[in-house]
Every structure is written in structure tokens, then in C-alpha cells.
Amino acid sequence: MTSHNLDDTDRDALALELEELVDGIPGVAHIYQPRATLPALLAARQTPDPSTPPPPPRIEIGDDGVVALTIATDADSISPDVAHRVHDALLARLNQAAITVERIDVRIARVD
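Here the residue index of a chain counts from 1 through its sequence in written order. Given that the model is predicted, a residue must reach a pLDDT of at least 70 before its local features are reported, and side-chain atom pairs must reach 80 or more before they are shown or counted; all residues, however, enter totals for whole chains, interfaces and linings. Just so you know, side-chain values use all the structure's heavy atoms and leave hydrogens and water out.

Asks: Can you explain helix 3 (residues 79–96)? Please cite residues and give values.
Replies: An ideal rise of 1.5 Å per residue puts 26 Å on 18 residues; helix 3 measures up with 26 Å between its terminal C-alpha atoms. For helix 3, every residue scored as buried is listed here: Ser79, Val82, Ala83, Val86, Leu90 and Leu94. Buried residues in helix 3, looked at end-on, bunch into an arc of 100°, giving them a common side. Within helix 3, the exposed residues directed more than 90 degrees away from the buried face are His84, Asn95 and Gln96. Should any heavy atoms of two residues lie within 4.5 Å, those residues are counted as being in contact. Each helix corresponds to a stretch of at least 4 residues labelled H or I by DSSP, and each strand to a stretch of at least 2 residues labelled E; elements are numbered beginning at the N terminus. Turning to helix 3, the residues buried within the fold contact helix 1 (8–23), strand 1 (28–32), strand 3 (66–73) and strand 4 (103–111). For a helix, the expected span equals 1.5 Å multiplied by the residue count minus one. Burial classes follow relative accessibility: with a 1.4 Å probe on protein chains only, a residue under 20% of its type's maximum area counts as buried, one over 50% as exposed, and anything between as partly exposed. An arc is given here, and it is the one of the directions from the helix axis to the C-beta atoms.

Asks: Provide a residue-level description of the environment of Asp64, including the pertinent values.
Replies: With respect to the helices, strands and loops of the structure, Asp64 is situated in the loop between strand 2 (60–61) and strand 3. Each C-alpha atom, one on Asp64 and one on Thr2, is 9.8 Å from the other, the two residues being 62 residues apart in sequence. From its side chain, Asp64 meets the backbone nitrogen of Val66 in a polar contact 3.1 Å long. N or O atoms closer than or at 3.5 Å make up a polar contact, with two conditions inside protein: a donor-capable atom paired with an acceptor-capable one, and, for residues adjacent in sequence, both atoms drawn from side chains.

Asks: Can you lay out the packing of helix 1 against helix 3 for me, pointing to particular residues and giving the numbers?
Replies: Angles run from 0 to 180 degrees between N-to-C directions of axes, and those axes are lines fitted to C-alpha atoms, restricted for helices to the stretch in contact. Two elements in contact, helix 1 and helix 3, have axes separated by 10 Å at closest approach and are oriented at 140°. Overall, the two elements helix 1 and helix 3 adopt an arrangement that is oblique. Pair helix 1 / helix 3 crosses with right-handed handedness. Taking contact as the criterion, the partners of Leu14, Glu17, Leu18, Leu21 and Val22 in helix 1 are, on helix 3, Val86, Ala89, Leu90, Arg93 and Leu94. When residues are sorted by character, Ala, Val, Leu, Ile, Met, Phe, Trp, Tyr, Cys and Pro go into the nonpolar class, Asp, Glu, Lys and Arg into the charged class, and all the rest, Gly among them, into the polar class. In terms of residue class, the contact of helix 1 with helix 3 is built from eight nonpolar, no polar and two charged. The scheme is simple: roughly parallel for angles under 35 degrees, roughly antiparallel for over 145, roughly perpendicular for 65 to 115, oblique for anything else. Each crossing is labelled by how the near helix is turned from the far one, with a counterclockwise turn of less than a right angle marking it left-handed and a clockwise turn marking it right-handed.

Asks: Break down the side chain of Thr70 for me, with residues and values.
Replies: Here Thr70 shows up in strand 3. Here Thr70 falls in the buried class, since its relative accessible area comes to 14%. If sequence neighbours within four positions are ignored, Thr70 has contacts with His30, Ile31, Tyr32, Arg107 and Ala109.

Asks: Explain the environment of Ala83 to me, and be specific about the residues and the numbers.
Replies: Its location among the elements puts Ala83 in helix 3. Sequence separation between Ala83 and Val106 is 23 residues, and the spatial gap between their C-alpha atoms is 6.0 Å. Other than its neighbours up to four places away in sequence, Ala83 contacts Val106 and Ile108.

Asks: I'd like to hear about the nonpolar core, residue by residue, with values.
Replies: The nonpolar side chains of a soluble globular protein tend to be buried, and buried together. By nonpolar core we mean a set of buried residues, namely Ala, Val, Leu, Ile, Met, Phe, Trp, Tyr and Cys, connected to one another through side-chain atoms within 4.5 Å. If you look at the biggest cluster of nonpolar residues, it comprises 22 residues, and the most contacted ones within it are Val22, Val28, Leu69, Ile71, Val86, Leu90 and Leu94. Broken down by secondary-structure element, the contributors of at least two residues to this core are helix 1, strand 1, strand 3, helix 3 and strand 4. Residue contributions to this core peak at five residues, all from helix 3. The residues contacting Val22, other than those within four sequence positions of it, are Val28, Ile31, Ile59, Leu69, Ile71, Val86 and Leu90.

In C-alpha cells, the structure reads:
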């Protein structure tokens, strides 16, 4: 199965599962919303309001077969190493689920 074959519900569920995986990777301090602007980056650091609906998944699984995410890394980590660990973990999970993607883009927005 390719990411092209996922419906919106399956895509969102997979994205949330991948978020949990990435959140547990040593060196990842935060995952940002896709295409985050400076105000969105600042808002992401604030405590969420429980009355607001949940935001969309922070990992984007595109119809074009590209999985994209933007992370912050811990100051004590080597950012490229963290990005490689994230990439490898996502690829392993997607392979385990028999989901083929064209590319995994891991961007580093900030080092905490």
C-alpha cells in the first residue's frame, strides 16, 4: 500500500501514531505543525487551551507520497543525528505497516 491509498481518517490516525513515535525519540524536543509560521511556532510553546479542538496532525502525510515534519532538538543533542534517528524510525514503522512513501523530510527548526 502506498500513502496515496490512505483515506483522510487512516492518514490522520497514522500521523498521530507517528507523532507518538517521534515524541519518544531521544533528542526531539518538539514537533511543529506543518508549514508553521513564526506566530505558530511561538504559540506551540504555550500551554494549550482545553476548550479548543485538537490541532491537525503535526506530521504531514501527503498525497504525493512525502512524509514531512519539522522538529526542535535538545541543545545537548547533535541535530543531524536526531534527524537521522527520526527518519529511520519513521521508515521502519512505515515499512512494518507495509506503507510505501516516496520520501521522508525531517526539518530542524530550532535547537532548544
